[in-house]
Amino acid sequence: MASKEIKAIDFFCSGGGMSYGLSQGGINVLGGIDINSECEATYTANIKDAIYVCKDVFELREEDLDTYFAIEKNDDNMVFVGCSPCQYWSIIQTDKTKSARSKNLLQEFERFVSYYRPGYVLVENVPGILRKSEESGFDAFVDHLEKMDYAVHFEVVNMNEYGVPQARKRLSLVANRVLGKTIFPKKIKGRPTVKDAIKNMPIIREGKQDNSPFFHSCAGLSEKNKLRLKNTKKNGGSWTDWAQVDGLQRQSYKGSGFRDNYGRMSWDKPAPTITTRFYSISNGRFGHPTQTRAISIREGARLQSFPDTFVFEVSSMAQAAQIIGNAVPPRYAQCLAKAIIEASCNE
């Protein structure tokens, strides 16, 4: 059967990780919607011919999508993507006050799905949204999809099994109302590691500022943190290597999100989950395997499976790291696109 043009609109698109991967997988991404104006330049620079709608989804009306994207209801070849910000449902023990408003974004996304009834629906979020499925609205969302005759499959996936050099676990949902059966991306052979992603990167010193589009910049270190890293065993060492060294002891942290602080990555393992603070060694196992520094912005991007051609149009490392850490890894998005296209062609 001839290939159909599958189109997509990416809600909560941030800098475009999902959009980029879908487009590389053969889906025509019409555009993205996000409240963050700082993401627009990066999105439009990398997702060619796509429209960036900088709007608060709470204030966006359903019919507005037709104005922006000229779409129709009940389009069997349309994909709606809803990867809403997930900090509120994360297991990391942080103050949830700032992210509290985002906890209801799934219900807002549901408004647009109900109104347009696209052929396909994709959702990616932290596993915490499933662990608290009633409170998060996930149960109600799935129930609503099924009542609209969508075939729904969801599971917690490890992105490393789909070609991403990172042990990133996420809830992934794929729903469709056109095939009469569920679909889901296939795992790939091999498990990429940190070495596969960043071994060939140029050696740099801590605090290096790279003003080129390659963005191989890394944060500076205090003298104490330099000593901590120098006393951390290469290729996977942790803060326990210097826990008894006078003057280097760290403060006691509470919560599961802080066990790996100041640790180094291991060459032959996937990276830990790349967060929005991956450029800081005090925020996780983000130390370079052998060099005395945190991983760079480009290294973080590679570990999230962004290609080197993806440019970050930002004014700071913090902004770039936020886009990278919040992204759906493009390689996983490409697997999603492949699953949809193959299934639609075999319909």
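Everything quoted here is computed from the prediction, not taken from an experiment.

A. Local environment of the packing of helix 4 (residues 105-116) against helix 7 (residues 138-147). At a closest axis distance of 10 Å, the pairing of helix 4 and helix 7 adopts a crossing angle of 10°. Of the possible angle classes, the one that applies to helix 4 and helix 7 is roughly parallel. Along its contact with helix 4, which presents Leu106, Phe109, Glu110, Val113 and Ser114, the element helix 7 presents Phe138, Ala140, Phe141, His144 and Leu145. Per-class residue counts for the contact of helix 4 with helix 7 are 7 nonpolar, 2 polar and 1 charged.

B. View of unusual backbone geometry. Of note in this structure, Phe12 is not a glycine but carries a positive phi near 55°. Along the chain, the position of Phe12 falls in the loop between strand 1 (7-11) and helix 1 (17-24). Phi at Asp49 is positive, roughly 65°, even though this residue is not glycine. In this structure, Asp49 sits in the loop between helix 2 (40-46) and strand 3 (51-54).

C. Region of the structure containing the pairing of strand 7 (residues 169-176). Most of strand 7 is tucked away: 7 of the 8 residues are buried. In terms of strand pairing, strand 5 (residues 120-125) meets strand 7 through 6 bridges, oriented antiparallel. Across the sheet, the residue bridging to Tyr120 is Asn176, located in strand 7. Bridging between strand 6 (residues 151-158) and strand 7 involves 8 bridges; their strand directions are antiparallel. Residue pairing for strand 7: Val156 is matched across the bridge by Leu171.

Definitions and limits used
Here the residue index of a chain counts from 1 through its sequence in written order. A pLDDT threshold of at least 70 governs which residues receive local features in this predicted model, and a stricter bar of 80 or more applies before side-chain atom pairs are shown or counted, although totals over entire chains, interfaces and linings include all residues. Side-chain metrics rest on all non-hydrogen atoms present in the structure, leaving aside hydrogens and water. Fitted lines through C-alpha atoms serve as axes, helices being fitted only where they are in contact, and the angles separating the N-to-C directions of these axes extend from 0 to 180 degrees. Here a helix means four or more residues in a row that DSSP labels H or I, a strand means two or more in a row labelled E, and each is numbered from the N terminus. By the definition adopted for this analysis, an angle is roughly parallel if under 35 degrees, roughly antiparallel if over 145, roughly perpendicular if from 65 to 115, and oblique otherwise. The contact rule is simple, with two residues in contact once any of their heavy atoms fall within 4.5 Å. Nonpolar residues are Ala, Val, Leu, Ile, Met, Phe, Trp, Tyr, Cys and Pro. Charged residues are Asp, Glu, Lys and Arg, and all others, Gly as well, are polar. Throughout this description, buried means an accessible area under 20% of the type-specific maximum (1.4 Å probe, protein chains only), exposed means over 50%, and partly exposed covers the range between. The pairing criterion is simple: DSSP has to find at least two bridges between the two strands.

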